[in-house]
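As a plain string of letters, each chain reads:
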Amino acid sequence: MARERGEKIIAVNRKARHDYFVEDTCEAGLVLHGTEVKSMRQGRVNLKESYCAVKDREMFAFGMHISPYEQGNIYNRDPMRPKKLLLHRAQIIKLGSLVQRQGYALIPLRVYLRDGRMKLELGLCKGKKLHDKRDDAAERSAKRDIERALKR
């Protein structure tokens with residue numbers, strides 16, 4: 001059976017763009033078990049409260065919920081277990097130091113399937129304040145009003 005080509009989006013963390021300013025992104029592979037991949041292909045993954053951190057010189061995604069595969073029985077893993085991310089050593093060191101020193105957060109933005117492999121898009125993010133969120137909402141609202149007026 002030939003491997004699939006292209007990109008299929010599995011899950012998107014919309015709340016991340018609402019709560020954070022995304023300053024940079026990078027792609028990481030995911031270390032998963034068979035039933036987790038099958039469950040993710042069905043779109044049964046939640047990124048809402050997830051974050052990434054460096055632990056023992058390796059990058060992990062915490063809080064990423066992958067629902068158990070229905071036909072997986074004894075082969076299912078803990079849905080909330082930390083998932084290891086595949087990054088180059090230099091990337092791990094760079095991202096880890098930015099998080100520690102400058103107050104950034106590493107937030108998973110989306111999970112997608114690229115050429116048959118599960119990938120995670122990581123965002124290097126800085127937190128938004130309440131007034132920033134209000135400004136964004138007002139800007140979106142104004143843009144919508146302008147588009148409505150132009151349609152008439």
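For the structure itself, look to the data block above.
Residues numbered from 1 in each chain as written. Predicted model: local features only at pLDDT ≥ 70, side-chain atom pairs only at ≥ 80, totals over all residues. Heavy atoms only, no water.

Draft legend 1. Quick look at the pairing of strand β2 (residues 20–30). One ladder, built from nine bridges, connects β2 with strand β9 (residues 117–127); its direction is antiparallel. Looking at the pairing, D24 lines up with L124 of β9. As judged from the two bridges shared by β2 and strand β7 (residues 83–86), these two strands associate in the antiparallel manner. Residue pairing for β7: G29 is matched across the bridge by L86. (Pairing = 2+ DSSP bridges. Helix = DSSP H or I, 4+ residues; strand = E, 2+ residues; numbered from the N terminus.)

Draft legend 2. Inspection of the nonpolar core at higher detail. Membership of the largest hydrophobic core comes to 27 residues, with the highest contact counts inside it found for L30, M40, M64, L85, V111 and L120. Secondary-structure elements contributing two or more residues to this core are β1 (7–12), β2, β5 (58–62), α3 (89–102), β8 (105–114) and β9. Counting residues per element, this core draws most heavily on β9, at four residues. What V111 contacts, discounting residues up to four positions off in sequence, is I9, I10, A11, L30, M40, L47, M64, M118, K119 and L120. (Core = buried A, V, L, I, M, F, W, Y, C linked by side-chain atoms within 4.5 Å. Buried < 20%, exposed > 50% of the residue type's maximum accessible area, 1.4 Å probe, protein only. Contact = heavy atoms within 4.5 Å.)

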